[in-house]
There are 2 protein chains.
Amino acid sequence: MLVDLTVPINEQTPVYPGDPATKIAPAGQIAKDGYNDHFVSIGTHVGTHMDAPNHMLENGKTLDTFNVNQFVGRGRLVTLKDDAFDLKKLEDADIQEGDIVLFQSGMNKKYHEAEYFENYPAMPKEIAEYLVKKKAKMVGIDMCSPDHDEFIAHKILLAGDVLIIENLTNLEMLEGKEFTIYAFPIKLQLDGAPARVVAEIT
Amino acid sequence: MLVDLTVPINEQTPVYPGDPATKIAPAGQIAKDGYNDHFVSIGTHVGTHMDAPNHMLENGKTLDTFNVNQFVGRGRLVTLKDDAFDLKKLEDADIQEGDIVLFQSGMNKKYHEAEYFENYPAMPKEIAEYLVKKKAKMVGIDMCSPDHDEFIAHKILLAGDVLIIENLTNLEMLEGKEFTIYAFPIKLQLDGAPARVVAEIT
């Protein structure tokens, strides 16, 4: 069974404070042109998307330079403990090299509230370092960012070539399940890109 | 082994005649903002992308309304014969319900030439009808369109809920292989969307 972990992108999709809002304009219409077509203006970090090292690191790699093998792997779901990232729970999740680790905070229920971008748990340095040490391929969260100021977790993860997926949804569908993650960003040669993220429950 | 069948999207990516060109502008820069971020303006049919019924049919379904199961299936590669679609070759390919059928024309070698959009083989009505009859999930091509004027193949396929992937590349990597296709568009609620298309050779 496949589960879509992706939020839709439209003009109402919330954006990280300071990021440009999405704009959608018709570019062709059936009555006049024979087909419908649109011109879409989006930030590279809108909706469910992936961060490349270039997002936070000077001269860091752009997203297109990663082989697609990086985007597919065994998924592991780790829930937070008392609304905080917990190293013990992560250690208990049996993370192997190449895994894609998803943290479930429940923040996605507040996606359309201001709180989503203001009051969320930061990922401690130790968690980011553990994921790099274990050689996870990616980490995914149902929040807008693993960091508040300074972007410490971002920098540790991206320097270790652990890609970051933000704004996931539907993680509750994966509770207690074994699954593979397919997280495919569009092929922009930039710091990040919107992605379609799907779990295949095995 | 995974094979990426997707072209990169940048300001030089060719667009279908009349479609808006891609524009990429910085939205954040590490030196000033602490992170790199971009604002990207793209047509819904740029690069490797997927067409939904709404592209060609009045009140047709938009791409987000399809379950992600539609985007994954057994792939079948069918080469053209003397630079033309050939029903006999398609019949010989043992198409089953739910298959994703990729036609290899070799046109992708001319992606950056004017000829790519002018001189390519149209898909005969019979081929489109056969794919609908066989209940293929999707059809993919290494060309800009299955049609010239009138969009006959588009309309037959899309009316039959066979989605269309255009501007594929690297199909020669699939010759003689068994494979599964994962073709994931970003979750725009529109007539189509850029997609990442990957084959898993089994």
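Just so you know, these numbers come straight off a predicted model, no measurement behind them.

Draft legend 1. A look at the interface of chain A and chain B. Facing 52 residues of chain A, the contacting portion of chain B comprises 52 residues. Together chain A and chain B conceal approximately 4,800 Å² of surface at their shared face, both sides included; 62% is due to carbon and sulfur atoms. Inspection of the chain A/chain B interface yields two salt bridges. Between D4(A) and K187(B) there is a salt bridge whose closest N-O contact spans 3.0 Å. Going through the elements one at a time, β1 (2-4), β2 (23-28), α1 (30-33), β3 (37-43), β9 (179-185) and β10 (192-201) of chain A are the ones with two or more residues in the side of chain A that touches chain B. When residues in the side of chain A that touches chain B are grouped by element, the largest group, seven residues, is from β3(A).

Draft legend 2. Region of interest: helix α4 (residues 152-159) of chain B. Residues and elements named next belong to chain B. If you check which residues of α4 are buried, you get A153, H154, L157 and L158. When α4 is viewed along its axis, its buried side chains cluster within an angular range of 115 degrees and face the same direction. For α4, the elements touching its buried residues are β4 (49-51), α3 (125-133), β7 (138-141) and β8 (163-166). Positive backbone phi, at 60 degrees, marks D161, one or two positions downstream of α4.

Draft legend 3. Spotlight on the relation of the copies chain A and chain B. By a simple turn and slide, chain A fits onto chain B: the slide is 0.0 Å along the axis, the RMSD is 0.0 Å, and the turn is 180 degrees. The symmetry that links the two subunits is that of a two-fold axis. For chain A, the minimum C-alpha distance to the rotation axis belongs to S41(A) and amounts to 2.0 Å. Taken as a fraction of all interface residues of chain A, those also at the interface in chain B reach 100%, which identifies the copy contact as same-surface.

Draft legend 4. Here's a closer look at unusual backbone geometry. Unusually for a residue other than glycine, K135(A) sits at a positive phi of about 60 degrees. Inspection of the secondary structure puts K135(A) in the loop between α3 (125-133) and β7 (138-141). The phi torsion at N170(B) lies on the positive side, around 65 degrees, for a residue other than glycine. Here N170(B) shows up in the loop between β8 and β9 (179-185). Of the residues examined, N170(B) reaches a relative accessible area of 27% and is grouped as partly exposed.

Calculation criteria
Residues numbered from 1 in each chain as written. Chains lettered and ligands numbered in written order. Predicted model: local features only at pLDDT ≥ 70, side-chain atom pairs only at ≥ 80, totals over all residues. Heavy atoms only, no water. Contact = heavy atoms within 4.5 Å. Buried area = accessible area lost by both parts, 1.4 Å probe. Salt bridge = Lys/Arg side-chain N within 4 Å of Asp/Glu carboxyl O. Helix = DSSP H or I, 4+ residues; strand = E, 2+ residues; numbered from the N terminus. Buried < 20%, exposed > 50% of the residue type's maximum accessible area, 1.4 Å probe, protein only. Arc of directions from axis to C-beta. Least-squares fit on C-alpha atoms with pLDDT ≥ 70 in both.

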